Amino acid sequence: MVRHPVGRMRPGRIWAWLTEPLPVPPEGLRRGPLRPDAFGSPLRSARLTSQLGVALGVAFGICFLTGLYSHVLQHPPAWLWLPTRPAGLYRFTQGLHVATGLATVPLLGAKLWSVYPRLFTWPPVRSLIHAAERLTVAALVGAALFQVISGVLNIAHWYGPMPFFFTDAHYWVAWIAIGALVSHIGVQLPVVKDALRRRGKGEPGSGLVDGVSENGREAAGGRREFLLAVAVAAGVITLATLGQTVRSLSPLALLGPRRPGTGPQGLPVNRTAASAGVRDAVLDPAYRLTVTGLGRSVELSLADLAALPQHTTVLPIACVEGWSSVGTWTGVRLRDLLSLIGADPETCTAEIESLQAGGRYRTSTVGDPADDRTLIALRLGGEPLALDHGFPARLIAPNRPGVLQTKWVGRITVRGAS
Ligand SMILES: Nc1nc2c(c(=O)[nH]1)N[C@H]1C(S)=C(S)[C@@H](COP(=O)(O)O)O[C@H]1N2
Ligand SMILES: [Mo]
């Protein structure tokens, strides 16, 4: 049993109260999984748990940071300057977020398997501080399972089991997970350090004995094989999904719900024109793009738009779900459209509004409309946009989550002009 490091401190009054042993429940209750010898697998050891814990900690850290970046891009705070270069940065970070999250599935499973006998530890609660520690672990396990499961459901577009808004829930539970994780690491660090330092203390040459379990039993072999199996499972899952964003791996992307190169004009589609209910509006010959603000307004027909200077940029659609695909887009620079009503693209922002009547992603804001690569695109790969890619006009801007690349644009409103 490892002594709690803080227990060696000169105990203050509160600390004494928190760590005071609580009464032990009657031995007669110690049945079933609570029996001392209920879990016999010699594979479980502090060393195995520590190694899985380190890997899982790194994976969660990556998911947290890349997830935070995705959140900030979708909800940019006014005081924060966000770079638009490199244009494919979000494509990389979000691909990493989803790939790492999926690789976490076998890691988390193995880690929970290695520690679940501790659910039945005896006595269940030794002291108030022990109770707090167990509650933190419960929060960590609950939050980790929630993140992995809700993330997988989101990529699968299966919202039935999620009666809440995925994005908000996934964001807030991430803070619970990271808070509980930091506290868990703080408590377990001495145990982990100790377990990892014991490398090679087993019987040399036998290849069987390796590490010491919590109760002093020597852990038998098989740990390496177990870790290898977990690593292989994580690797296979990664390979089978990375192809949704890395084109050369796309033939292997059996688990990736969207593969680059599929869909109209070689680009995947999440929301079709039919499901967004915009078919009639966008095919109407009376379609006009309205640019408005500062008390001025212009209406542009498709012919007017085609008569303006055309520019081409090569930019990815990088969906929050981890898939991405690069397209060659041609159209009118957003800055040129804003100039038509005398707005200064250097000092204003632009709200881009879809002809779609409802839905969360019918509008988005461009904070830096002066960027030359930001287009109201009319063409993809040299052809007019497919209906599902946002015909007749869609926004395409660098380093931007897919949900903000608004399709079927009908109105642009100048905001925040000075
Ligand atoms: N108006 C509108 N634009 C939208 C959406 C939407 O639901 N409505 N979905 C967005 C999402 S989630 C993505 S990933 C991209 C996909 O663009 P694509 O269908 O051309 O590949 O469009 C974005 N633009
Ligand atoms: Mo998306």
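Since we're looking at a predicted model, the values are computed, not measured.

Points about the overall build of the protein chain
Broken down by element type, the protein chain carries ten helices and ten strands. Here the protein chain has a C-alpha radius of gyration of 28 Å; the compact-globule value for 418 residues is 22 Å, and the former is much larger. Dimensions of the protein chain, computed from the C-alpha atoms along their principal axes, are close to 85 × 50 × 35 Å. Counting only contacts in the protein chain whose residues sit at least 6 apart along the sequence, the fraction spanning at least 24 positions is 68%.

Digging into the site of ligand 1
With respect to spatial proximity, 19 residues lie near ligand 1, and among them P268, Q356, H389, R394 and K407 are the closest. Contacts to ligand 1 include Q405, whose backbone N or O atom sits 3.0 Å from a nitrogen atom. Separating an oxygen atom of ligand 1 from a side-chain N or O atom of K407 is a distance of 2.5 Å. Protein coverage of the free-state accessible area of ligand 1, which is 530 Å², stands at 97%. Its residues assigned to classes, the shell around ligand 1 comprises nine nonpolar, six polar and four charged.

Things to note about the sheet that holds strand β10 (residues 409-415)
As summarised here, the arrangement of the five strands in space is β2-β1-β10-β5-β6, forming an open sheet in which the pairing is mixed. Strands at the two margins of the open sheet, each flanked by one partner only, are β2 (296-300) and β6 (363-366). Neighbour-to-neighbour, the strand axes of the sheet open up by a mean angle of 15°, direction not taken into account. Pairing of strand β1 (residues 289-293) with β2, which is carried by five bridges, proceeds in the antiparallel orientation. Counterpart to L289 in the pairing with β2 is L300.

Here we look at the environment of S297
One can find S297 in strand β2. The spacing of S297 and V366 is 69 residues in sequence and 19 Å in space, taken between C-alpha atoms. Leave out the neighbours within four places in its chain, and S297 touches T290, V291, T292 and I341.

Digging into the pattern of salt bridges
Going through the model one piece at a time under the given rule, you end up with eight salt bridges. Residue R335 is joined to D372 by a salt bridge in which the shortest nitrogen-to-oxygen separation is 3.7 Å. With a gap of 37 residues between them, R335 in helix α10 (residues 334-339) and D372 in the loop between β6 and β7 (375-380) connect regions that are remote in the sequence. Where E351 meets R415, a salt bridge forms, and the shortest distance between an N and an O atom there is 3.1 Å. Of this pair, E351 sits in strand β5 (residues 349-354) while R415 sits in strand β10, and the two are 64 residues apart along the sequence. E351 sits in the buried class, given a relative accessible area of 18%. Beyond isolated ion pairs, a larger network of salt bridges with shared partners links R333, R335, E346 and D372.

Notes on the domain arrangement of the protein chain
Interfaces are often sized by the amount of accessible area the parts lose when they come together. When its domains are assigned, the protein chain resolves into domain 1 (15-20 + 38-252) and domain 2 (265-416). If you average the C-alpha positions of domain 1 and of domain 2, the two centres end up 39 Å apart. Between domain 1 and domain 2, the contact holds 25 residues from the first and 24 residues from the second. In total, domain 1 and domain 2 occlude about 1900 Å² of area from one another, counting both sides; carbon and sulfur atoms represent 49% of this. Summed over the shared surface of domain 1 and domain 2, the result is zero salt bridges. Joining domain 1 to domain 2, the criterion identifies eleven residue pairs in polar contact (both at pLDDT 80 or more). Of all the secondary structure elements, the ones that give two or more residues to the side of domain 1 that touches domain 2 are α2 (46-74), α3 (89-115) and α4 (128-155).

Overview of the packing of aromatic side chains
According to the stated counting rule, one finds seven aromatic pairs in the structure shown. Judged by centre distance (5.0 Å) and plane angle (85°), the rings of F64 and W175 are edge-to-face. Separated by 111 residues along the polypeptide, F64 in helix α2 and W175 in helix α5 (residues 166-197) bring together distant segments of the chain. Relative accessible area serves as the criterion here: at 36%, W175 is assigned to the partly exposed category. Ring geometry for Y171 against W175: centres 6.4 Å apart, planes inclined by 85°, an arrangement best described as edge-to-face. Taken together, the residues span about one helical turn, with Y171 and W175 both in helix α5 at a distance of four residues. A cation over an aromatic ring shows up here: R44 above the ring of W113, its NZ or CZ 4.1 Å from the ring centre. The residue whose ring lies beneath R360 is F165, and the NZ or CZ to ring-centre distance is 3.4 Å.

Quick notes on the side chain of E353
Relative to the helices and strands, E353 resides in strand β5. Side chain to side chain, E353 and R362 meet in a polar contact 3.2 Å long. Excluding anything up to four places from it in sequence, E353 contacts R362, T363, W408, V409, G410, R411 and T413.

Things to note about a nonpolar patch on the surface
Among the surface-exposed residues, I14, W17, L22, V125 and L128 lie close enough to one another that they form a single nonpolar patch of about 470 Å² accessible area. With respect to the helices and strands, the residue W17 is situated in helix α1 (residues 13-19). Given the relative accessible area of 54%, W17 is considered exposed.

Criteria and thresholds
Residues numbered from 1 in each chain as written. Chains lettered and ligands numbered in written order. Predicted model: local features only at pLDDT ≥ 70, side-chain atom pairs only at ≥ 80, totals over all residues. Heavy atoms only, no water. Helix = DSSP H or I, 4+ residues; strand = E, 2+ residues; numbered from the N terminus. Rg over C-alpha atoms; globule rule 2.2 N^0.38 Å. Contact = heavy atoms within 4.5 Å. Near = heavy atom within 4 Å. Polar contact = N/O pair within 3.5 Å; in protein donor to acceptor, adjacent residues only side chain to side chain. Areas by Shrake-Rupley, 256 points an atom, 1.4 Å probe, with all protein chains shown as cover. Nonpolar A, V, L, I, M, F, W, Y, C, P; charged D, E, K, R; others polar. Pairing = 2+ DSSP bridges. Axes fitted to C-alpha atoms, helices over the stretch in contact; angles between N-to-C directions. Salt bridge = Lys/Arg side-chain N within 4 Å of Asp/Glu carboxyl O. Buried < 20%, exposed > 50% of the residue type's maximum accessible area, 1.4 Å probe, protein only. Domains from an automatic or database assignment. Buried area = accessible area lost by both parts, 1.4 Å probe. Phe/Tyr/Trp six-rings, centres within 6.5 Å; stacked < 30°, edge-to-face > 60°. Lys NZ or Arg CZ within 6 Å of the ring centre and 35° of its normal. Patch = residues over 30% accessible without salt bridge, like charges linked within 9 Å, V, L, I, M, F, W, Y side chains within 5 Å.

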